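Topology and contacts: notes
Spelled out, the chains give:
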Protein chains: 2
Amino acid sequence: MELKEAISIVIKQERKKNGMSQEELAHLCNMDRTYISLLERKKRNPTLDVIFRMSNSFQMKPSTFVKMLEDIMHL
Amino acid sequence: MELKEAISIVIKQERKKNGMSQEELAHLCNMDRTYISLLERKKRNPTLDVIFRMSNSFQMKPSTFVKMLEDIMHL
DNA sequence: TTGTGACTAGAAGTCCGTG
DNA sequence: GCACGGACTTCTAGTCACA
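Residues numbered from 1 in each chain as written. Chains lettered and ligands numbered in written order. Predicted model: local features only at pLDDT ≥ 70, side-chain atom pairs only at ≥ 80, totals over all residues. Heavy atoms only, no water.

A closer look at the relation of the copies chain A and chain B
Copy one and copy two of the chain differ by a rotation about a common axis and a shift along it. Our working rule: Copies are brought into register by a least-squares superposition over C-alpha atoms of residues with pLDDT of at least 70 in both. Contacts are assigned to residue pairs with any non-hydrogen atoms lying within 4.5 Å of each other.
The transformation that overlays chain A on chain B combines an axial shift of 0.1 Å with a rotation of 178 degrees, and the residual RMSD is 0.3 Å. Classification of the inter-copy transformation places it as that of a two-fold axis. Relative to the rotation axis, the C-alpha of Thr 47 of chain A is the closest in chain A, positioned 2.0 Å from it. An overlap of 100% is found between the interface residues of chain A and their copies at the interface of chain B, pointing to a shared contact surface.

Regarding the protein's contact with DNA strand D
We apply this condition: Any residue with a non-hydrogen atom lying within 4 Å of a molecule or strand is treated as near it. Pairs of N or O atoms are called polar contacts if they sit within 3.5 Å, as long as, within protein, a hydrogen donor faces a hydrogen acceptor (for residues adjacent in sequence, only side-chain-to-side-chain pairs). Secondary structure elements are taken from DSSP: a helix is a run of H or I of four residues or more, a strand is a run of E of two residues or more, and numbering for both begins at the N terminus. Residues were grouped as follows: Ala, Val, Leu, Ile, Met, Phe, Trp, Tyr, Cys and Pro as nonpolar; Asp, Glu, Lys and Arg as charged; and all remaining residues, including Gly, as polar.
Around DNA strand D lies a shell of 16 residues, among which Arg 15, Gln 22 and Arg 41 of chain A together with Thr 34 and Tyr 35 of chain B are the nearest. Taking all atoms of DNA strand D within 4 Å of the protein, the share assigned to sugar and phosphate is 65%. Here a phosphate oxygen of DNA strand D sits 2.5 Å away from a polar atom, N or O, in the side chain of Arg 15 of chain A. In this structure, Ser 37 of chain A approaches DNA strand D through a side-chain N or O atom, which is 3.4 Å from a phosphate oxygen. Listing elements by their share of the surface near DNA strand D, those giving two or more residues are helix H3 (33–40) of chain A together with helix H3 (33–40) and helix H4 (48–57) of chain B. Ranked by the residues each element gives to the surface near DNA strand D, the list is headed by H3 of chain A, at 3 residues. In the surface near DNA strand D, the residues fall into 3 nonpolar, 7 polar and 6 charged.

Focus: the UniProt feature "domain: HTH cro/C1-type" (unreviewed entry) in chain A
How we decide: UniProt positions are given in the numbering used here, feature names are shortened, and annotations may be inferred rather than shown by experiment.
The sites that UniProt annotates as "domain: HTH cro/C1-type" (unreviewed entry) are residues 11–65 of chain A. Along residues 11–65 of chain A the backbone is 67% helical and 0% strand, and the end-to-end C-alpha distance reaches 9 Å.

Brief notes about the environment of Arg 41 of chain A
Residues and elements named next belong to chain A. Rule in force here: Relative accessibility decides the category of a residue: with a 1.4 Å probe and only protein chains considered, values under 20% of the type maximum give buried, values over 50% give exposed, and everything between is partly exposed.
With respect to the helices and strands, the residue Arg 41 is situated in the loop between H3 and helix H4 (48–57). Owing to a relative accessible area of 48%, Arg 41 belongs among the partly exposed residues under this scheme. On a C-alpha basis, the gap between Arg 41 and Ala 26 in space is 15 Å, while along the polypeptide they are 15 residues apart.

Here we look at the layout of surface pockets
The line we're drawing: Grid points spaced at 1 Å over the protein atoms alone were grouped into cavities, where a 1.4 Å probe fits but cannot get out, and pockets, open sets with protein on both sides within 12 Å along at least five of seven lines, with lining residues defined by an atom within 4 Å of a point. Grid points are joined across faces, edges and corners, and a volume is the space filled by probe spheres set on the points.
Empty space within the largest pocket amounts to approximately 230 Å³. In terms of lining residues, the largest pocket is bounded by Asp 49, Phe 52, Arg 53, Ser 55, Asn 56, Gln 59, Met 60, Lys 61 and Pro 62 of chain A together with Leu 3, Met 73 and Leu 75 of chain B. It is H4 of chain A that provides the largest number of residues to the lining of the largest pocket, a total of 5 residues. Of the residues contributing to the lining of the largest pocket, the split by class is 6 nonpolar, 3 polar and 3 charged.

Focus: the interface of chain A and chain B
When the parts of a complex come together, some accessible area is lost, and that lost area is often taken as the interface size. The test is simple: The term buried area denotes the loss of accessible surface (1.4 Å probe radius) that occurs when two parts are joined, taken as the sum for both partners. The rule for a salt bridge is simple: a side-chain nitrogen of Lys or Arg has to be within 4 Å of a carboxyl oxygen of Asp or Glu.
Listed per partner, the contact involves 18 residues of chain A and 18 residues of chain B. On the chain A side of the interface with chain B, the three residues burying the most area are Leu 48, Phe 52 and Glu 70 of chain A, jointly 36% of the side's total. If you look at where chain A meets chain B, you find 0 salt bridges. Remark: the boundary between chain A and chain B carries 4 residue pairs in polar contact (both at pLDDT 80 or more). For the side of chain A that touches chain B, the secondary structure elements donating two or more residues are helix H1 (3–17), H4 and helix H5 (62–73) of chain A. If you tally residues by element for the side of chain A that touches chain B, the top one is H5 of chain A, at 7 residues. Grouping the constituent residues of the side of chain A that touches chain B by class yields 11 nonpolar, 3 polar and 4 charged.

The following block contains the structure:
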């Protein structure tokens, strides 16, 4: 399982859990709407900075976000 | 405290804890020595992928690495 | 052993739009 | 509400010679 795939899964999952559209999430993260789409379609390898902003929007710690990635990747 | 600063601190700290030079760490990470130097001098915002590779070289989980960043940044 | 400038290639990330 | 694309700018990845 690739990192990009795990990221895609976690973003979609958390975004929907919070009942947000891509656009709403983008706004919260101070990002472009199409960039969220790119991440969910596994087209980008985000910087750590992006992970921190996304985690914040999901009201979780970045390490929790990363832990979810590890679980999905079986690390 | 900026993310780049926290990254710099953790890398230096863990590298020295393991008694490694930048060159030795670079070799373990499959990276160039000067790139490690760039990170330690806060000249790059690394991708998550880079964080995963570095954590692996320190024999720690990426989430542990990120947790250290949070602690330093008081998050 | 590390800092640094210079560099290229390509990726990150934005902004416009369409179906 | 989202996938997808083109065009674009900014920045990272990665390397080298040299101080």
